[in-house]
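Residue-level listing of the chains:
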Amino acid sequence: MKNNLYDVIVVGAGHAGCEAANAAASMGSKVLLITMNMETIAKMSCNPAMGGVAKGQIIREIDALGGMSGIITDKTMIQFRMLNRSKGIAMWSPRAQSDRMRFSEEWRLALERNLNVDFFQDSVTEITTENNKATGVKCGMGMTFQSKTVVLTAGTFLNGIIHIGRKQFGGGRMAEKSSTGITAQLESLGLVSGRMKTGTPPRVDGRSLDYSRMEEQAGDENPSKFSYTNQTQSLEHQRSCHITYTNDNVHNILREGFEDSPMYNGSIQGLGPRYCPSIEDKINRFAERERHQIFVEPEGWNTIEIYVNGFSTSLPDEIQVRAMREIPGFEQVKIFRPGYAIEYDFFQPTQLKDTLETKAIHNLFFAGQINGTTGYEEAAAQGLMAGINAHAHAQEKETLVLGRNEAYIGVLIDDLINKGTEEPYRMFTSRAEYRISLRQDNADLRLTPIGHKIGLASNERMERLDIINRESNEITELLQKESIGLEDGKIYLPQLTSEINEKTKARKILLRPEITLSDIQKIPQFNGIQSFDPEAIQRAEINIKYSTYIEREQEQADKLIRLENIKIPENFDYSKLQSMSMEAREKLKKIQPSTIAQAKRISGVSPSDISVLLIHFGR
């Protein structure tokens, strides 16, 4: 803390803050991580899990770039499942149930091992600025710290209010105080804030549940993991989750509390997440449904605490208990703490550049729920990118922006800065135009060279990627070179829907939907494939089976890249383009896109408006 001067100050130690601090420090910046409570670093405020549909792809992308979320998850998970295996490979999404206490511990230990990270426990009350540039922070106890850049990752703490029925009290999380002062200061500097809402379910005593009345949900028989590195191993033993259901009795009791619900009596003004609704919202919006699924998720290896996934609520606590006791298996339930809703400030992300730097205040970066997102994974991805770019600013190096064709992280940030959000933003595979290319299995191929180039992904990561690529190419060449004859087809591939009439290249046989590479490996001349790395084998099979679709997506991506290469000067005066629509000029002036491709994705900018821009810039 010499002279209290740092390259990067990170405010907040949630998932965004941890990734930001680790990334900037690992790349060589001197980093100060400020948190209101050192005991809650990387706390899983809601569900004890990482990954899921699209979210699992994001965690693998973070890992591929050199981030830590995948490694921490692997080290602390108690169950692993690959979701959507019955669907196409682009939909496969890894998800891990985590040990909540160990997850937080591992993140803290990882940061403590990073010698470029300093820590300070206090609230931040002000971002210090000079000539519209962030210069550091001022803390609640009066300490000030100077820095070249600041990354603000406030989560749900900015003017946070917790709601349980008609009870209201300030807080950023249960039993943790909210943060005040920053919102008003940033508004005075020209930024516009709004209010959002999220919620969390009750936590209950697992000893009071009757699991015999529920369905067991075990992990995968052969579990995988998130990290591409050899630093972590797949699980040998797993803890099961369970599934049960609500019923009419549960719904009727919940309805009794509606008049005291902050969602329905006007207490909550902020919009909640559409795709993760509270239980009262579910029975109101989907009144025709007789039951809703409840996932009973253990909080760790040894704890008795259970997370009641699917029962997010802010109804009065006595209503919560009465309703839960009508759920099969919950008849004798004891609660550790009730579910609650939390309302907090966020800043419309259209006020950000594609680097996550604010347009109004140079060297100030936002990441996580302050940008209107929901979810650990979305927050961690933004934190990683904000940390990378804050480091780049501090060291006067080139910033990093990922395209929509390169990563789900690119889709996430591009959506936020161009479209904004009126409700908590959650990533889905459907938001990505190139999801066949942006699979969870090839994130290292897409992003590790980028992470290595900027100094975040290690040499060991690149060496492993080179091995996987080489082996995958060797397998592909073998399948392209060698043929399968009539007799081998009859003996080893009985599932063929139509017989092989002549010797056929193995690659062509693999294109048949009923044939897998493991089937072909049974043929003696292809037995050697078994000696290759399992990831190389999987990659070769996917690239062959989906080659036509991948090539088609690549053609579309190439068109996008051409538009990305056409830069728009900063603070370009759109008013002089009179042939462009008034709406387009207003939107472009507000968002200030950096490329033609970004301008094309802004709502209200038509193809004819883009043509005007192309002509103006000589294209």
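Look up: the structure comes first, before these words.
Residues numbered from 1 in each chain as written. Predicted model: local features only at pLDDT ≥ 70, side-chain atom pairs only at ≥ 80, totals over all residues. Heavy atoms only, no water.

### Concerning the overall build of the protein chain
Across its full length, the protein chain holds 20 helices and 22 strands. Overall, the C-alpha framework of the protein chain stretches about 80 × 70 × 50 Å when taken along its three principal axes. Counting over 619 residues, the protein chain shows a buried share of 58%. When contacts within the protein chain are restricted to residue pairs at least 6 apart in sequence, those whose partners lie at least 24 apart make up 73%. Just so you have it, the protein chain exposes about 26,100 Å², and 47% of that area is on carbon and sulfur atoms. Taking the average place of the 74 positive charges on the side chains of the protein chain and the average place of its 80 negative ones, the gap between the two points comes to 2 Å. (Helix = DSSP H or I, 4+ residues; strand = E, 2+ residues; numbered from the N terminus. Buried < 20%, exposed > 50% of the residue type's maximum accessible area, 1.4 Å probe, protein only. Contact = heavy atoms within 4.5 Å. Areas by Shrake-Rupley, 256 points an atom, 1.4 Å probe, with all protein chains shown as cover. Lys, Arg positive; Asp, Glu negative; His and termini not counted. Charge placed at Lys NZ, Arg CZ, Asp CG, Glu CD.)

### Brief notes about the sheet that holds strand β15 (residues 241–245)
Here 6 strands make up an open sheet; going across it, the order is β14-β15-β16-β17-β13-β18 and the pairing antiparallel. What marks the edges here is a single partner per strand, and that holds for β14 (215–217) and β18 (335–337). Between one strand axis and the next, the sheet turns by 35° as a mean value, whatever way the strands run. Two elements, strand β16 (residues 293–298) and strand β17 (residues 305–309), share 4 bridges in a ladder whose sense is antiparallel. Counterpart to V296 in the pairing with β17 is V308. (Pairing = 2+ DSSP bridges. Axes fitted to C-alpha atoms, helices over the stretch in contact; angles between N-to-C directions.)

### Examining the environment of G410
Within the secondary structure layout, G410 lies in helix α10 (residues 408–419). Distance from G410 to R203, taken between C-alpha atoms, is 35 Å for residues 207 residues apart in sequence. Residues within four places of G410 in sequence aside, it is in contact with L402, G403 and R404.

### Quick word on the environment of I475
Here I475 shows up in helix α12 (residues 459–481). In the structure, I475 is positioned 65 residues away from A540 in sequence and 6.5 Å away in space, judged by C-alpha atoms. Setting aside chain neighbours within four positions, we find I475 in contact with L517, I529, F532, A536, I537 and A540.

### Considerations on the side chain of N418
Along the chain, N418 falls in helix α10. Within the structure, N418 has its side chain in polar contact with the side chain of D414 (distance 2.9 Å). (Polar contact = N/O pair within 3.5 Å; in protein donor to acceptor, adjacent residues only side chain to side chain.)

### Things to note about the packing of helix α1 (residues 15–26) against helix α9 (residues 376–394)
It is at 7 Å that the axes of α1 and α9 come closest, and there the two elements cross at 30°. By the angle between their directions, the pair α1 and α9 is classed as roughly parallel. Two packed elements cross with a definite hand, and for α1 against α9 that hand is right-handed. Across the interface between the two elements, H15, A16, E19, A20, A23 and A24 of α1 pack against Y376, A379, A380, G383, L384, G387, I388 and H391 of α9. (Parallel < 35°, antiparallel > 145°, perpendicular 65-115°, else oblique. Left-handed = near helix turned anticlockwise from the far one by under 90°.)

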